[in-house]
Amino acid sequence: MQQLLKRRAFRWSAATVCGALALSAVVAASPWREEPEASYTLPEGFEYDSDPDYYTEKYRPQYHLSPETANMSDPNGMVYFEGEYHQMYQRSGQWGHAISKDLLHWEHRPLALPKDELGDIWSGSAVVDRHDTTGFFGGKPGLVAIFTHFKNGLQSQSIAYSADKGRTWTKYEGNPVIPNPGVKDFRDPKVFWHEASGKWVMIVSVDKKVWFYRSPDLKRWEWTGEFGPGHGSHAAVWECPDLFELPIEGTSEKRWVLTVSLGNNTQTKGSKAQYFVGTFDGNTFKNDNLPAVKLWTDHGKDFYAAISYSDIPEEDGRRIWLGWMSNWRYPFAMPTGVWKGNMSIPRELRLRDVPGEGLRLVQEPIEELKRLRGEGKTLKNVKLKAGENPFEALRGASFETEATFRAEAGSGGVFGFKVRTGEEQETVIGYDAAAQELFLDRTRSGEASFEANFAERMTAPLPLRGGTLKLRVFVDDTTVEVFANDGEAVMSAIIFPDPLSRGLELFADASASGVVVERAAFYPMRTVWRDEDPDDERPRRILVSHTILHLKEEEAVPLRSAVLPHAADQGIEWTSTDPAIVDVQPNEDGGIVATGKLEGSAELLARTADGTVERSINVFVEGE
């Protein structure tokens, strides 16, 4: 009889039971509303990978661009041409390449620019040569890449061209088009066509400043000026510059924005990025602000080398950019296995006249991201109370959530979101009303041993507007991107939580009296790599807290599990292939406990309630 009990399969899911109870409580306490799933179509010609486990590795983002293998760092060669966005990127001194028709779904391509006899291929840009100023394309439009060659300590600027929509590239036989002028740091050219002067313009990093060049044909370049000395932060070398004109919201006026990234340094506790607002006459840039003013692009730790796409059609009218989500403190130290690094979500840029501050760069997620939303859940007019969580029933690792908070005059305290919560893990996106400060706290976010100071708290000054705070948060496994007050403050960070840390909390502390959530919403997000619906009730895979166990005789270890997608039945049946070696029993927390019984090896099998998905755990028991 005892042996039969040991062989019994246990079907148990605390998440199912507790989640149902919590959802009932939330529905009773709050006016929850279901929102329909967003309209979703694939770009013409795009095909998902046929492997059901493609891009399901631990820590793999689901709607951000990341490489299949190898390193991804600075975005390069970003250009739109004949219905396609080209996203090149640094891949250890070469240009990796991906193509998209909607900035969501990406097709990985072979290397665009491999290193050659002139050296490594460092960062740069790409443009559409619409009028064949280069003479490369027989009078037709074509693509030209402008990049830094690096060899023997010298950096110089070179070009390459493609007459087949970026599928193959030919390096110009006259490279470099701008030899090194005798300076140490001379890199990262960003090129655009300046209509007013009828010339190509290049902005290039030179130590802690930028130089400007102009050209009629992308081959012959003339130096026209510089910007930088005495302006902004000089905490480290300036890298990856960009220069573009933006409209001022609510007006017919425009201003030029110059952006640069700063390398790793102690002043900013890592690499960072800044911007300037001013005018550009085709030769050089003039700053509208006092030289000492420092304007930061992003107040998080993981948004670097951001560059905008060139040649987006006038009828679209947007300026869109993205950045590399990492920091030169820990560029490729992340615990992600065969790939390292990913890009941020694409963001639309505008200028806003912010009361009390002046013209400021604002960033908001591109509209296309809404297509990835699954069925949403919303609530309205809920007063937050310490110890209560209106989002108790929600789970997810790849989602979007947003809320509008209204704080009574004079109220203090801290409120906001906690994401990827689980076994003593959480990442907090909060607002400190007394300090008038937005913060992102990853001190308890998960794995952090790869970098001494990774577990840190980041802040951004942000006054409430009319007693109101808007937060829009994108979480995608290892990425967190926060947009506050319609993009006035932005914070980006990477985290590495346990795969089962999938809770979500809408919170206020005891001193945050009078905070009301006017509206909050949660949307599970589709993966762009596989044909999966986040609202599908059919199980796809099982997550487990351990993939292998080493036990001693009579040692007991609790195990946790979850079924994906979260809309599926969370019930799991557990069995041991040899209960004499390892026994499995339910525990009071809703998981199971594996207990070593006898020296040897066996497997624990987890099976979904419908029997369609299985997962195994190898167990090794040591004798005394």
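Residues numbered from 1 in each chain as written. Predicted model: local features only at pLDDT ≥ 70, side-chain atom pairs only at ≥ 80, totals over all residues. Heavy atoms only, no water.

Some points on the overall build of the protein chain
Consideration 1: Helix and strand content of the protein chain: 2 helices and 44 strands.
Consideration 2: Relative to a compact globule of 624 residues, whose C-alpha radius of gyration would be 25 Å, the protein chain shows 26 Å and is just as compact.
Consideration 3: Projected onto its principal axes, the C-alpha positions of the protein chain cover 90 × 60 × 45 Å.
Consideration 4: Across the 624 residues of the protein chain, 59% fall into the buried class.
Consideration 5: Taking all contacts inside the protein chain whose residues are at least 6 apart in sequence as the whole, residues at least 24 apart take part in 61%.
Consideration 6: By element, 48% of the accessible surface of the protein chain is carried by carbon and sulfur atoms, the whole surface being about 25,100 Å².
Consideration 7: Once the 70 positive and 93 negative side-chain charges of the protein chain are each reduced to a mean point, those two points are 3 Å apart. (Helix = DSSP H or I, 4+ residues; strand = E, 2+ residues; numbered from the N terminus. Rg over C-alpha atoms; globule rule 2.2 N^0.38 Å. Buried < 20%, exposed > 50% of the residue type's maximum accessible area, 1.4 Å probe, protein only. Contact = heavy atoms within 4.5 Å. Areas by Shrake-Rupley, 256 points an atom, 1.4 Å probe, with all protein chains shown as cover. Lys, Arg positive; Asp, Glu negative; His and termini not counted. Charge placed at Lys NZ, Arg CZ, Asp CG, Glu CD.)

Thoughts on the pairing of strand β16 (residues 238–247)
Consideration 1: For β16, a buried count of 8 out of 10 residues is recorded, marking the element as mostly surrounded by other parts of the structure.
Consideration 2: Strand direction decides the pairing type here: β16 and strand β17 (residues 254–262), joined by 8 bridges, are antiparallel. Paired with L243 across the strands is L258, a residue of β17.
Consideration 3: The hairpin formed by β16 and β17 contains 6 residues between the paired strands, and G250 there has a positive phi angle of roughly 75 degrees. (Pairing = 2+ DSSP bridges.)

Description of the sheet that holds β16
Consideration 1: Reading across the sheet, the 4 strands line up as β16-β17-β18-β19 and stay open at both edges, with antiparallel pairing between neighbours. The strands lining the two open edges of the sheet, one partner per strand, are β16 and β19 (285–287). Put simply, the sheet's adjacent strands are angled 40 degrees from each other on average, direction ignored. (Axes fitted to C-alpha atoms, helices over the stretch in contact; angles between N-to-C directions.)

Focus: the layout of surface pockets
Consideration 1: Considered as a void within the structure, the second largest pocket measures approximately 1,200 Å³ in volume.
Consideration 2: Residue lining of the second largest pocket: 33 residues in total, with W193, D311, I312, E314 and R319 positioned closest to the centre.
Consideration 3: Within the residue set of the lining of the second largest pocket, elements represented by two or more residues are β8 (120–129), β12 (187–194), β16, β17 and β23 (347–354).
Consideration 4: Broken down by element, the residue count for the lining of the second largest pocket peaks at 6 residues, all from β16. (1 Å grid on protein atoms, 1.4 Å probe; cavity = no way out; pocket = protein on both sides within 12 Å on 5 of 7 lines; lining within 4 Å. Points joined across faces, edges and corners; volume = space filled by probe spheres on them.)

Comments concerning the pattern of salt bridges
Consideration 1: Inspection of every chain in the model, using the stated rule, returns 51 salt bridges.
Consideration 2: A salt bridge links D217 to R220; the nearest nitrogen and oxygen atoms lie 2.8 Å apart.
Consideration 3: Judged by relative accessible area, D217 falls into the buried class, the value being 9%.
Consideration 4: Among the ionic pairs, R472 bridges to E400, the shortest N-O distance being 2.8 Å. Within this pair, whereas R472 is found in strand β31 (residues 468–476), its partner E400 is found in strand β26 (residues 398–407), the two being separated by 72 residues in sequence. Across the pair, exposure class does not vary: R472 and E400 are buried alike. (Salt bridge = Lys/Arg side-chain N within 4 Å of Asp/Glu carboxyl O.)

Notes on the side chain of S310
Consideration 1: With respect to the element layout, S310 can be found in the loop between β20 (304–308) and β21 (320–324).
Consideration 2: Taking relative accessible area as the criterion, S310 reaches 8% and is therefore assigned buried.
Consideration 3: Apart from the residues lying within four places of it in its own chain, the contact partners of S310 are M78, V79, Y80, A126 and V127.

What about the confidence of the model for the protein chain?
Consideration 1: Mean pLDDT over the protein chain stands at 93; residues scoring 70 or higher make up 95%.
Consideration 2: Predicted confidence is poor over residues 1–30, with pLDDT under 50, and the contacts of this stretch with residues over four places away or in other chains come to 42 contacts. (pLDDT = per-residue confidence, 0-100.)

Observations regarding empty space enclosed by the protein
Consideration 1: Per the stated rule, a full pass over the model turns up 5 cavities of 30 Å³ or more.
Consideration 2: Of the volumes computed, that of the largest cavity is approximately 70 Å³.
Consideration 3: Along the walls of the largest cavity sit Y63, H64, L65, L103, L104, W106, L322, S344, I345, P346 and L369, which together make up its complete lining.
Consideration 4: Tallied by class, the residues present in the lining of the largest cavity amount to 9 nonpolar, 2 polar and no charged. (Nonpolar A, V, L, I, M, F, W, Y, C, P; charged D, E, K, R; others polar.)

Describing the packing of aromatic side chains
Consideration 1: Per the stated rule, a full pass over the model turns up 42 aromatic pairs.
Consideration 2: Residues F186 and W211 carry aromatic rings whose centres are separated by 6.2 Å and whose planes lie at 65 degrees to one another, so their mutual orientation is edge-to-face. Separated by 25 residues along the polypeptide, F186 in the loop between β11 (170–171) and β12 and W211 in strand β14 (residues 209–215) bring together distant segments of the chain. Considered together, F186 and W211 belong to a single accessibility category, that of buried residues.
Consideration 3: We note R60 situated over the ring of Y55; from NZ or CZ to the ring centre the distance is 3.8 Å.
Consideration 4: R347 extends its terminal NZ or CZ atom over the ring of F303, reaching a point 4.0 Å from the ring centre. (Phe/Tyr/Trp six-rings, centres within 6.5 Å; stacked < 30°, edge-to-face > 60°. Lys NZ or Arg CZ within 6 Å of the ring centre and 35° of its normal.)

Overview of the pairing of strand β38 (residues 556–559)
Consideration 1: Of the two faces of β38, the one holding V557 and L559 is buried and the one holding A556 and P558 is not buried anywhere.
Consideration 2: Examined bridge by bridge, β38 and strand β42 (residues 592–596) share 4 bridges and lie antiparallel to one another. Considered in β42, the bridge of L559 is made with I592.

What about the nonpolar core?
Consideration 1: Formed by 39 residues in total, the largest nonpolar core has its most connected members in F405, F415, F417, L438, L471 and V482.
Consideration 2: Listed in part, the 36 residues of the second largest apolar core include F46, W324, L372 and F483. (Core = buried A, V, L, I, M, F, W, Y, C linked by side-chain atoms within 4.5 Å.)

A word on the sheet that holds strand β24 (residues 358–365)
Consideration 1: The 4 strands lie next to each other as β20-β21-β23-β24, forming an open sheet whose pairing is antiparallel. Of all the strands in the sheet, just β20 and β24 have a single pairing partner and so form its edges. Across this sheet, the average inter-strand angle for adjacent strands is 40 degrees, counted without regard to direction.
Consideration 2: Of the strand pairs in this sheet, β20 and β21 are connected by 3 bridges, and their pairing is antiparallel. Residue pairing in the sheet places I307 in a bridge with L322 of β21.

Let's talk about the environment of L598
Consideration 1: Looking at the element boundaries, L598 is found in the loop between β42 and β43 (600–608).
Consideration 2: C-alpha of L598 to C-alpha of R347: the two residues are 251 residues apart in sequence and 57 Å apart in space.
Consideration 3: Among residues more than four places away in sequence, those in contact with L598 are E553, A580, I581 and V621.

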